[in-house]
Amino acid sequence: MAVDQDEEKQPDFAYVTSARSEQHKRGIFGLFGVRNFDVCIVAIGDNFQSSLETASLLKEAGAKKVVARAARDIQAKFLLRNGADEVVYPERQIAVWTAIRYSSDNISDYIALGDDHAIFEIQVPELGRKTIGQLDVRKRHHVSILAIKQNGHFAMTVITPETCLPANSTMLVLGTNQNVQKCFHI
């Protein structure tokens, strides 16, 4: 279910207009049965006060988990104090992803796993016919090769020391950002 104050956005949404009273919003959230949802996401982008009020009212209405969008740390601080259980920074996250993704021609994708670890999809470097065991990247660089993709599809998801890295493919690699970059010179 999605809720918006603008009826033009999507005809299937439920609407809560900003002109209505806080009491009216409480009643509407009660009618929605927010207690029946595992997560309520507050993604209001242009009006922080509405975002803050919505997070607070959802929690008061019995929402199990409220995830709210913030643009700045001070917004996150207020959201966490007033109903949000978790805060996301979509603009910041996409900026980091874009910077890493386009910092090298060899990186096809990137998934952050916390502040320091990530999964990178990178082009298989020209290594001759060496096996994963011969390269010994796990021991030498503390990097794990998780899977091999060819033509956009997973070709190998069980990687053993005998696995050869095929040319013209990509591999999913897990490690710290620094170790992956050092190991594969990206």
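Refer to the structure above for everything that follows.
## Here we look at the overall build of the protein chain
Looking only at helices and strands, the protein chain has 7 helices and 10 strands in total. When burial is assessed residue by residue, the protein chain has 36% of its 186 residues classed as buried. For the protein chain, contacts bridging at least 24 residues in sequence account for 50% of all contacts bridging at least 6.

## A closer look at the nonpolar core
Ranked by internal contacts, the top residues of the largest apolar core, which has 19 residues, are F120, I122, I145, L165, M171, V173 and F184. Sequence-distant contacts of I122, defined by excluding residues within four places in its chain, comprise N106, I107, S169, T170, M171, V173, F184 and I186. Residues A55, A68, A76 and A84 belong to the second largest nonpolar core, which totals 15 residues.

## Some words on the environment of C164
Residue placement: C164 occurs in the loop between β9 (153-156) and β10 (170-176). Along the backbone, C164 and T131 are 33 residues apart, and their C-alpha atoms lie at a distance of 4.4 Å. Beyond its immediate stretch of four places on either side in the chain, C164 contacts R129, K130, T131 and M156.

## Here's the deal with the pairing of strand β6 (residues 107-112)
Strand residues, when the strand is regular, have side chains that alternate between the two faces of the sheet. Bridge count between β6 and strand β7 (residues 117-123): 5 bridges; the pairing is antiparallel. Looking at the pairing, D109 lines up with E121 of β7. Between β6 and β7, which pair antiparallel in sequence order, lie 4 residues; one of them, G114, sits at a positive phi of approximately 100°.

## With respect to the sheet that holds strand β4 (residues 66-69)
Pairing in this open sheet of 3 strands is parallel, and the strands run β3-β4-β5 from one edge to the other. Among the strands making up the open sheet, the edge pair consists of β3 (40-42) and β5 (86-88). In this sheet, neighbouring strand axes are inclined to one another by 25° on average, regardless of whether the strands run parallel or antiparallel. Sheet topology places β4 next to β5; 3 bridges connect them, and they run parallel. Following the sheet pairing, V67 is matched in β5 by E86. Set on the sheet, helix α2 (residues 48-60) makes contact with β3 and β4; between it and β3 the angle comes to about 165°.

Reading the values: rules and limits
Residues numbered from 1 in each chain as written. Predicted model: local features only at pLDDT ≥ 70, side-chain atom pairs only at ≥ 80, totals over all residues. Heavy atoms only, no water. Helix = DSSP H or I, 4+ residues; strand = E, 2+ residues; numbered from the N terminus. Buried < 20%, exposed > 50% of the residue type's maximum accessible area, 1.4 Å probe, protein only. Contact = heavy atoms within 4.5 Å. Core = buried A, V, L, I, M, F, W, Y, C linked by side-chain atoms within 4.5 Å. Pairing = 2+ DSSP bridges. Axes fitted to C-alpha atoms, helices over the stretch in contact; angles between N-to-C directions.

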